[in-house]
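# Report on the structure
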Amino acid sequence: MATTMKAAVVRQLGQPLAIEEWPIPAPGENQILVRIAATGVCHTDLHAVKGDWPVKPQPPFIPGHEGVGIVAAVGRSVRRVQEGDRVGIPWLHTACGYCVYCRTGWETLCGAQLNSGYSINGSFAEYALADPNYVGRLPRGLEWGPAAPILCAGVTVYKGLKETEVKPGEWVLISGIGGLGHLAVQYAKAMGMHVAAVDVHPDKLALARALGAEIAFDARTGDAAAEIHKLIGGAHGALVTAVSPKAFEQAFDMLRPHGTMALVGLPPGKMSLPIFSMVLKRITVRGSIVGTRQDLEEALDFAASGAVAAHFSWDALENINGIFARMEEGRIDGRIVVSLS
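My aim in this report is to walk through the structure given alongside it, one point at a time. Because the structure is a prediction, the values reported are computed rather than measured.

Parameters at a glance
Residues numbered from 1 in each chain as written. Predicted model: local features only at pLDDT ≥ 70, side-chain atom pairs only at ≥ 80, totals over all residues. Heavy atoms only, no water. Helix = DSSP H or I, 4+ residues; strand = E, 2+ residues; numbered from the N terminus. Rg over C-alpha atoms; globule rule 2.2 N^0.38 Å. Buried < 20%, exposed > 50% of the residue type's maximum accessible area, 1.4 Å probe, protein only. Contact = heavy atoms within 4.5 Å. Areas by Shrake-Rupley, 256 points an atom, 1.4 Å probe, with all protein chains shown as cover. Lys, Arg positive; Asp, Glu negative; His and termini not counted. Charge placed at Lys NZ, Arg CZ, Asp CG, Glu CD. Core = buried A, V, L, I, M, F, W, Y, C linked by side-chain atoms within 4.5 Å. Salt bridge = Lys/Arg side-chain N within 4 Å of Asp/Glu carboxyl O.

## A look at the overall build of the protein chain
Secondary structure summary: the protein chain contains 11 helices and 17 strands in total. For 341 residues, the compact-globule estimate of 2.2 N^0.38 gives 20 Å, and the C-alpha radius of gyration of the protein chain, at 20 Å, lies within 12% of that figure. Principal axes of the C-alpha set define a box for the protein chain whose edges measure 65 × 40 × 40 Å. Classification of the 341 residues of the protein chain by burial places 54% in the buried group. Of the contacts formed within the protein chain by residues at least 6 apart in sequence, a portion of 68% connects residues at least 24 apart. For the protein chain, the exposed area adds up to about 14,800 Å²; of that, 53% sits on carbon and sulfur atoms. Looking at charge distribution, the protein chain has the averaged site of its 30 positive side-chain charges lying 4 Å from that of its 32 negative ones.

## Things to note about the nonpolar core
The biggest cluster of nonpolar side chains holds 43 residues, and the ones touching the most others in it are Leu17, Ile32, Val41, Ile62, Phe124, Ile320 and Phe324. Among the secondary structure elements, those contributing two or more residues to this core are strand 1 (4-9), strand 3 (32-41), helix 1 (43-50), strand 5 (86-89), strand 8 (127-130), helix 11 (320-328) and strand 17 (335-339). A per-element tally of this core places strand 3 first, with five residues. When near neighbours in sequence (up to four residues on either side) are disregarded, valine 41 contacts Glu66, Phe124, Ile320, Ile323, Phe324, Met327, Arg335, Ile336 and Val338. The next biggest cluster of nonpolar side chains, apart from the first, holds 40 residues, and it includes Ala153, Ala184, Ala188 and Leu239.

## Here we look at the pattern of salt bridges
Per the counting criterion, the structure on display carries 17 salt bridges. With its nearest N and O atoms 4.0 Å apart, the salt bridge here joins aspartate 52 to lysine 50. Residue class for aspartate 52 comes out partly exposed when judged on its relative accessible area of 38%. In this structure, glutamate 107 engages arginine 293 in a salt bridge whose closest nitrogen and oxygen atoms are separated by 3.0 Å.

Structural data, given as structure tokens:
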């Protein structure tokens, strides 16, 4: 076996990644080594590279948290997976396992968690280490390309839809039909919800309709909130994937009384919400952070069943800086998946 691998490395925050040879890591007693076949490129990776979140990653590091591949080696104490298994490496690399959040099924809130491609090297490389207890087991028949985006984008919107508390037959508003939102429309339909989609790009609204959204509004024209209330009496819940504070405020206005808004987009700045309306209408606004291991398993099963399919295009690791440039300019349709096999 080779001793080095190709990797995209952040040497300095805010600077282009370097494609270089990096030592292949050896798995510890409770770790596995995954031969990466493909990895999705997420907006969170761009945040990591730029270092624009309050808690910054420490260079040098390898980004990436939508890696899928085959287990190449296992530590001596590993029991859950074995060499040759097909697995996916998610954002939640590992957690402590014993705090109140881990014990109650909220490991995504664990204060001791490590995150793939952020606080520990990720999947923009030919090999990556993983915690066997936190990887996703890929269902048979789910290929590398379609599987990769589910490891973050898919599970994030699936969990977010759960957090809206919208029931089958009720209306959910999905704001932002991009890499996350186009998956959210599909998960919502698979979960039995009616979907109203909002975006500012006609092509994305057309995509939402093609994926099953019954209503699609251009947020820039007319009073979308008034139209939503006129047509359906307001949404029972809203999932906001957009990266504009204005989109969050607009989604709030589209809710009916007792509605719930779940936030997964991470725009800079703050949003302004009317306290009077929130109190009198008993509106709930909550954040939703990726998903648990159980959420990931369910999200992967939906994808394997054919109910959810990511729109993605292939690219090469050597083009990672160009991919990020296109991402910043909003010129990516769906998701980009990098092939490493």
